[in-house]
Amino acid sequence: MSDISFVRTEMLPPKDPPASEVGVVGWARANLFSGWFNSILTVVSLYFVIKILIGLIGWAWVPTWSATSLPECRVIFEELGRSGHNAGACWGVIAERWPQLLFGFYPNGYEEGTADLRWRPVLAFVLLFVALAPVLFSDKVPAKLIYFTAVYPFLMPWLLWGGTVWTPVSAALGFVLGYVVYKALAQSTSELIGLIVGVVAAFVWWLFVASLFSSALASVVPLALESVESRQFGGFMLSITIGVVAIGLSLPIGIVLALGRQSDLLIVKTLCVGFIEFIRGVPLITLLFVASTLLNIFMPPGTNFDIIMRVFIMVTLFASAYMAEVIRGGLAALPKGQYEGADSLGLNYWQAQRLIIMPQALKISIPGIVSTFIGVFKDTTLVSVIGLFDPLNLTNAIRADADWNGLVWELYGFIALLFFVFCFGMSRYSMYLERKLQTGHR
Amino acid sequence: MSELALDREIDRSKMKVSDEVAIQITDMNKWYGAFHVLRDINLTVNQGERIVIAGPSGSGKSTLIRCLNALEEHQAGKILVDGTELSNDLKNIDKIRSEVGMVFQHFNLFPHLTILENCTLAPIWVRKTPKKEAEERAMHFLEKVKIPDQALKYPGQLSGGQQQRVAIARSLCMMPRIMLFDEPTSALDPEMIKEVLDTMIELAEEGMTMLCVTHEMGFARQVANRVIFMDAGQIVEQNEPEEFFNNPQSERTKLFLSQILGH
Ligand SMILES: Nc1ncnc2c1ncn2[C@@H]1O[C@H](COP(=O)(O)OP(=O)(O)OP(=O)(O)O)[C@@H](O)[C@H]1O
Ligand SMILES: [Mg+2]
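Let me sum up the structure you'll find in this document. (Residues numbered from 1 in each chain as written. Chains lettered and ligands numbered in written order. Predicted model: local features only at pLDDT ≥ 70, side-chain atom pairs only at ≥ 80, totals over all residues. Heavy atoms only, no water.)

### As for the state of the cysteines
Residues and elements named next belong to chain B.
Here is step 1 of the chain: Within the structure shown, the criterion is met by one disulfide over all chains.
Here is step 2 of the chain: With no disulfide of its own, Cys 173 lies closest to Cys 119 among cysteine sulfurs, the gap being 4.6 Å.
Here is step 3 of the chain: Residue Cys 173 is classed as buried on the basis of its relative accessible area of 1%. (Disulfide = S-S within 2.5 Å. Buried < 20%, exposed > 50% of the residue type's maximum accessible area, 1.4 Å probe, protein only.)

### Looking at the packing of aromatic side chains
Here is step 1 of the chain: The full count for this structure, using the stated rule, is 29 aromatic pairs over all chains.
Here is step 2 of the chain: Taken together, a centroid distance of 5.3 Å and an interplanar angle of 90 degrees make the contact between B:Phe244 and B:Phe245 edge-to-face.
Here is step 3 of the chain: Judged by relative accessible area, B:Phe244 falls into the buried class, the value being 0%.
Here is step 4 of the chain: Overall, B:Phe245 belongs to the buried group, its relative accessible area being 8%.
Here is step 5 of the chain: Within the aromatic cluster, the residues linked to one another by ring pairs are A:Phe125, A:Phe129, A:Phe236, A:Phe377, A:Phe419 and A:Phe422.
Here is step 6 of the chain: A cation over an aromatic ring shows up here: B:Arg170 above the ring of B:Phe110, its NZ or CZ 4.5 Å from the ring centre. (Phe/Tyr/Trp six-rings, centres within 6.5 Å; stacked < 30°, edge-to-face > 60°. Lys NZ or Arg CZ within 6 Å of the ring centre and 35° of its normal.)

### Some points on the site of ligand 1
All names here are of chain B.
Here is step 1 of the chain: By nearness alone, every residue bordering ligand 1 is listed as Tyr 32, Phe 35, Val 37, Pro 56, Ser 57, Gly 58, Ser 59, Gly 60, Lys 61, Ser 62, Thr 63 and Glu 183.
Here is step 2 of the chain: One of the side-chain nitrogen or oxygen atoms of Tyr 32 is found 3.4 Å away from a nitrogen atom of ligand 1.
Here is step 3 of the chain: Here an oxygen atom of ligand 1 sits 3.0 Å away from a polar atom, N or O, in the main chain of Gly 60.
Here is step 4 of the chain: The fraction of the free accessible surface of ligand 1 (630 Å²) that becomes covered by protein chains is 59%.
Here is step 5 of the chain: Here the shell around ligand 1 gets three residues from one element, more than from any other, and that element is helix α1 (residues 61-68).
Here is step 6 of the chain: Tallied by class, residues from the shell around ligand 1 come to four nonpolar, six polar and two charged. (Near = heavy atom within 4 Å. Polar contact = N/O pair within 3.5 Å; in protein donor to acceptor, adjacent residues only side chain to side chain. Areas by Shrake-Rupley, 256 points an atom, 1.4 Å probe, with all protein chains shown as cover. Helix = DSSP H or I, 4+ residues; strand = E, 2+ residues; numbered from the N terminus. Nonpolar A, V, L, I, M, F, W, Y, C, P; charged D, E, K, R; others polar.)

### Comments concerning helix α3 (residues 115-125) of chain B
Here is step 1 of the chain: Most of α3(B) is tucked away: eight of the 11 residues are buried.
Here is step 2 of the chain: The complete set of buried residues in α3(B) reads B:Ile115, B:Leu116, B:Asn118, B:Cys119, B:Thr120, B:Leu121, B:Ala122 and B:Pro123.

### Some thoughts on the pattern of salt bridges
Here is step 1 of the chain: Scanning the entire structure with this criterion turns up 25 salt bridges over all chains.
Here is step 2 of the chain: With its nearest N and O atoms 3.3 Å apart, the salt bridge here joins A:Glu277 to A:Arg261. Taken as a pair, A:Glu277 in helix α10 (residues 266-280) and A:Arg261 in helix α9 (residues 235-261) lie far apart in primary sequence, 16 residues in all.
Here is step 3 of the chain: When its relative accessible area of 37% is taken as the criterion, A:Glu277 is described as partly exposed.
Here is step 4 of the chain: With a relative accessible area of 14%, A:Arg261 lands in the buried category.
Here is step 5 of the chain: In this structure, B:Arg165 and B:Glu195 form a salt bridge, with 2.9 Å as the shortest nitrogen-oxygen distance. Of this pair, B:Arg165 sits in helix α5 (residues 160-172) while B:Glu195 sits in helix α6 (residues 190-205); the two residues are 30 residues apart in sequence, bridging distant segments of the chain. (Salt bridge = Lys/Arg side-chain N within 4 Å of Asp/Glu carboxyl O.)

### Describing the sheet that holds strand β5 (residues 84-85) of chain B
All names here are of chain B.
Here is step 1 of the chain: The four strands lie next to each other as β2-β1-β4-β5, forming an open sheet whose pairing is antiparallel. Each edge of the open sheet carries a strand with a single partner, namely β2 (35-46) and β5.
Here is step 2 of the chain: Across two bridges, strand β4 (residues 76-81) lies against β5 in antiparallel orientation. Paired with Val 81 across the strands is Thr 84, a residue of β5.
Here is step 3 of the chain: Across the sheet, α1 touches β1 (21-32), β2 and β4, and the angle it forms with β1 is around 125 degrees. (Pairing = 2+ DSSP bridges. Contact = heavy atoms within 4.5 Å. Axes fitted to C-alpha atoms, helices over the stretch in contact; angles between N-to-C directions.)

### As for the pairing of strand β10 (residues 234-239) of chain B
All names here are of chain B.
Here is step 1 of the chain: Pairing analysis gives five bridges linking strand β9 (residues 226-231) to β10, with the strands arranged antiparallel. Looking across to β10, one finds that Met 230 is bridged to Ile 235.
Here is step 2 of the chain: Taking the residues between adjacent antiparallel strands as the criterion, β9 and β10 are bridged by two residues, where Ala 232 takes a positive phi near 50 degrees.

Given below as structure tokens:
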């Protein structure tokens, strides 16, 4: 028998790994001290992190919640024996002004004879999550809830702006009308004709009939909420409203643009490419200026087109162009075989898109889509340049008050924290979604 | 010569070629830009025929069978499938596609859907079959391809051979009258090739009309009733398998056979 011949007669059982491989010690060794260079980096970083934390906590941990002005805060610092520029945070400003940072000038009932209407944006915000639940957690909530999701886009503006209930109802009827026309014509003629006529019918309804219809019904059944004007909107509520509208609309519009960009029809393709490239080539601020000043030039004289509505349109268009490109990336990543598989089974274009292509393309694009969402949400603060009172612009208003003149960090820190909570939430949700949609390798 | 390692006799009782015409191609031509890939193709396929299309790489085999369900457009000539002409009319195309099943080299299963959903999708949306019935039929065909226990898994969790059998089941769920195969075994390991070929043989035994692009000459010999040899976009030779393999006429066919059969 030769030396290299070997036959294992008994299989080895697995043994526990050495202590240096598992547990806290093992983890620290592998991740923090895996070489002299890494060890130095770890120590230096730890030093800075601790230093910053100590400074930050020292600054933030002060009993200034009940102060009613900056001078009062200074007195408190002196009693504590602190002095200097950054003696501590003056939290009194947040304690006093947080309602304003959240709601802007939305009717708060402070003045005699006015009502506190702030429950309406709060309710709209809470209902937003009810409406989102069937979309975000489709496997955990009753499927019937999706009907509420369909109603919500009409409910939200009514709650925020008030007015007669028949305005949102007639807006919704426009969609119903368009759909009925489409269904009727798609059966008897072709899908495309049905689609075009349906859209036209809906627009005719909205532009010419809807207002007559709603005012007629309002005079019969006067069911209304007290109206609130757009210029009273402000604060975080304004950011969320713009963000939700832009996010909610930019996804479907982005999908349509991305599909249009891939279309075989030259006109459709050119229009989509032109739109996307134009919007992406222009800063959002420019678009907002156009919304606030130039747009009036194109409007027939006398029309007063709500400023927030104009901002909605511009921010939505801006977000849609980016969304279209993100989704196009997802579409491009799909192998051609998926289209062929769908085609070979006899699915038509829309069925293939809806059932096969989009679910996969959107899944691939989730990180990009959520990044765009987060970007749009943060960009809503730009509306301050056209005079809307988003949270950042409100800080100027607050500092204009002699009591709080000179405060920066407390206000910006508070706003940053609120934005962070929302953006971080979106980011975590996207990770959850990606994990949930994982179906085996590839 | 690679014989099929089939552990049973092939049952030929139902393998009958009828007089009914399934596919008729007349003077069909196709170009990719300036490149003439298919030249004057004339071919009549009767119901129940099992045709193997062979030929060197780039000869246009895939293009030919992809023209039959309009995955590729032909520019001249006429293709009749089950009496319906393939034209630009989308309604015709969708009708033909739902009657003609196709199996691809790379399976083209839908990775975001379970095996069962892959099989029920088209019946539900195209044929408007009720969900329950579609699922029953899907299970029936999954049993036929011997993977009913994988129904709730995703394609990514299956082996290549299993995926290809699912792809066959998925096509069968549409109750096609004709099946097209484009190199269904080329992306598979040898032991998986056998399970897929077994499935295809069973299909042939049931009298399905089949057009297969394949390099499995054993399959061609034992199952096909006609072998077509293509080169440079043309049908160069066609014959019964025995004649085709033992007595090829054209020089190109001889060369091709000597290369792939390795003598
Ligand atoms: N989309 C396309 N555009 C341009 N040329 C193409 C396209 N698809 C295929 N071709 C060319 O057409 C010819 C025929 O291709 P086809 O795929 O039909 O060959 P094949 O016989 O199936 O080859 P293989 O055995 O390698 O699959 C090839 O020369 C190929 O390069
Ligand atoms: Mg090929």
